[in-house]
Structure formats: structure tokens, C-alpha cells
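Residue-level listing of the chains:
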Amino acid sequence: MTTPEQLAHGKSGFSRRAFLKGSGAAAAATAMAGGPGLAAEEESSVISGMTTITLDVNGKQHKVEVEPRTTLLEALRYGLNLTGAKPISVDGSSGGSTVIMDGKPVSSNSVLAMECVGKPIQTVESLTGDSGVPHAFVDQDASQCGFCTPGFVMAVTAFLKKHPNATEEQIRDGLNGNLCRCGTYANIIPAVLDVVKGGGNG
Ligand code: FES
């Protein structure tokens, strides 16, 4: 027969909440210590509270205090005052928080800051106004409220590094992870094509 306590914690006596709490902390601990390959006892250690980590951002090493739950976006915005990447969607589906990590575009609000230790991170602040992509966005008036623009600029920068001669169709496909609520796509695509024609990607 099931006891009231078992009902509260599941038949195994182990609550779902406790499991999620433990697994999240263990994942953060794993990420901080460098990922797989840890000794079993290290993997099960729990990290809580503030911890200082070093992030490689825009070519410089930055010390930043984070909690295990701190996202890269939060570390950038609130720890390093780099506010280009935007918290538009909680799950990263808007692309507004896009930065480049290890050469690939990532939604910085979908990764834990601790997972990013030792990986080169590039934010929109590293691009100067007269470099290829930002300049093309200005030239083509590819922004209205501008909230999505930093994410787009970083997504375009990463995309063109891989596809410097992209066609319009490839550009549309390649940028489908970024959304613009003002609907400036009709200007964004020509801006990217300008960069392709100019042979630079900012
Ligand atoms: S310019 Fe406003 S959301 Fe894109």
C-alpha cells in the first residue's frame, strides 16, 4: 500500500523536485570542471552560491562571478556590462541573444556561463561600426527598433564566415533562427547580399 510520504515523493521515496535540483547542480559542476572524464566523486559534487570563473570574451580574459544557474547572457550583461546580446526570448528561439562561441553562433541565454570556460566568445561589441556586417545593416536601413539587430549581426557574421559566397536562398535558410518582430527582413537580406558582394564579413 502506498503511504502518504510515498505519494508526496513518488513510490521510490525520491521526489522529482529533488532529482531535478540534484541533476542541475551536477550538470553545472560537470560543466565547470571541464565536462566528461571526471572522477565519479567529482561528478557528484554540488556547486552552489557564487563562483568566480574566467571567460574569454572578445579576445580578453574576464573574471566574472556566477552562480551555477547563470546563463552566458546574464554573465555578459550583468557581469561584464556587455549588453549587445538581448534577452528577447527565454528559450533562445528569437536569436536575439546570439553570440559566436568557438566559431559557431549560439543563443547565449541557452547555455550556462560555466559551460563556456575556455571557449572563445565573440559578442557584437567586438565589431566596429564601419566593419562589414554592421555597416551593411546601416546602409540598407535593416533595423527599426533595433532590438533584434545585434543577434542578427552576429548570426550573419558567423554564417558568412562559413558561406562567404552565399546565395539569397542560402542566406534565408541560414538566418532562419533569428526573428525580427518589426519585419525588416526585406532590408536584412539585401544587407547580407551587400556583404557577400563586397567580399567582407565584418
Ligand atoms: S528591428 Fe525591431 S525586432 Fe527587428
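Residues numbered from 1 in each chain as written. Predicted model: local features only at pLDDT ≥ 70, side-chain atom pairs only at ≥ 80, totals over all residues. Heavy atoms only, no water.

With that out of the way, let us pick up the overall build of the chain. Scanning the chain from N- to C-terminus turns up eight helices and five strands. Taken over 202 residues, the chain has a buried fraction of 41%. Nonlocal contacts in the chain, meaning residues at least 24 apart in sequence, comprise 53% of its contacts between residues at least 6 apart. Surface exposure of the chain reaches about 11300 Å², of which carbon and sulfur atoms provide 53%. (Helix = DSSP H or I, 4+ residues; strand = E, 2+ residues; numbered from the N terminus. Buried < 20%, exposed > 50% of the residue type's maximum accessible area, 1.4 Å probe, protein only. Contact = heavy atoms within 4.5 Å. Areas by Shrake-Rupley, 256 points an atom, 1.4 Å probe, with all protein chains shown as cover.)

The next subject is unusual backbone geometry. Look at Asn81: it is not a glycine, yet its phi comes out positive at around 60°. If you trace the backbone, Asn81 turns up in the loop between helix H4 (72-79) and strand S3 (98-101). Owing to a relative accessible area of 61%, Asn81 belongs among the exposed residues under this scheme. Positive phi values are uncommon outside glycine, yet Asp141 reaches one of about 55°. The residue Asp141 is located in the loop between helix H5 (132-139) and helix H6 (149-162) in this model.

The next thing to look at is the pairing of strand S2 (residues 60-66). Pairing between strand S1 (residues 51-57) and S2: seven bridges, direction antiparallel. Following the sheet pairing, Thr54 is matched in S2 by Lys63. (Pairing = 2+ DSSP bridges.)

Next up on the list: the nonpolar core. Ranked by size, the top nonpolar core spans 27 residues in total, and within it Phe137, Leu160, Ile171 and Leu175 carry the most contacts. For this core, the secondary structure elements donating two or more residues are H5, H6 and helix H8 (185-198). Of the residues forming this core, the biggest block, eight residues, is contributed by H6. Grouped together as the second largest cluster of nonpolar side chains are 20 residues, Leu76, Met101, Val111 and Ile121 included. (Core = buried A, V, L, I, M, F, W, Y, C linked by side-chain atoms within 4.5 Å.)

With that out of the way, let us pick up the side chain of Thr71. Considering the arrangement of structural elements, one finds Thr71 in the loop between S2 and H4. Judged by its relative accessible area of 14%, Thr71 falls in the buried class. Residue contacts for Thr71: discarding those within four places in its chain leaves Ser108, Asn109, Val111, Leu112 and Ala113.

Think of an α-helix as 3.6 residues a turn; residues three or four steps apart then line up on the same face. The end-to-end C-alpha distance of H6, which contains 14 residues, comes to 20 Å, matching closely the 20 Å that a straight helix rising 1.5 Å per residue would cover. Judged by how many residues are buried, H6 sits mostly within the fold: 12 of 14 residues are covered. Looking at H6, one finds that the buried residues are Thr149, Pro150, Gly151, Phe152, Val153, Met154, Ala155, Val156, Thr157, Ala158, Phe159 and Leu160. (Expected span 1.5 Å × (residues − 1).)

Along the chain, Ala155 falls in helix H6. Judged by relative accessible area, Ala155 falls into the buried class, the value being 7%. Linking Ala155 and Thr98, residues 57 residues apart in sequence, is a C-alpha distance of 6.5 Å. In this structure, Ala155 is in contact with Thr98, Leu175 and Asn178, ignoring residues within four places of it in sequence.

Now for H4. Of all the positions in H4, only Leu72, Leu73, Ala75, Leu76 and Arg77 are classed as buried. Considering only its buried residues, H4 is in contact with S1, S2, S3 and strand S5 (120-122). Positioned one or two residues after H4, Asn81 has a phi angle of 60°, which is positive.

The five strands lie next to each other as S2-S1-S5-S3-S4, forming an open sheet whose pairing is mixed. The strands lining the two open edges of the sheet, one partner per strand, are S2 and strand S4 (104-107). Within the sheet, the average angular offset between the axes of one strand and its neighbour, ignoring direction, is 45°. Strand contacts of H6: S3, S4 and S5, with the helix running at about 35° to S3, the strand carrying the most contacts. (Axes fitted to C-alpha atoms, helices over the stretch in contact; angles between N-to-C directions.)

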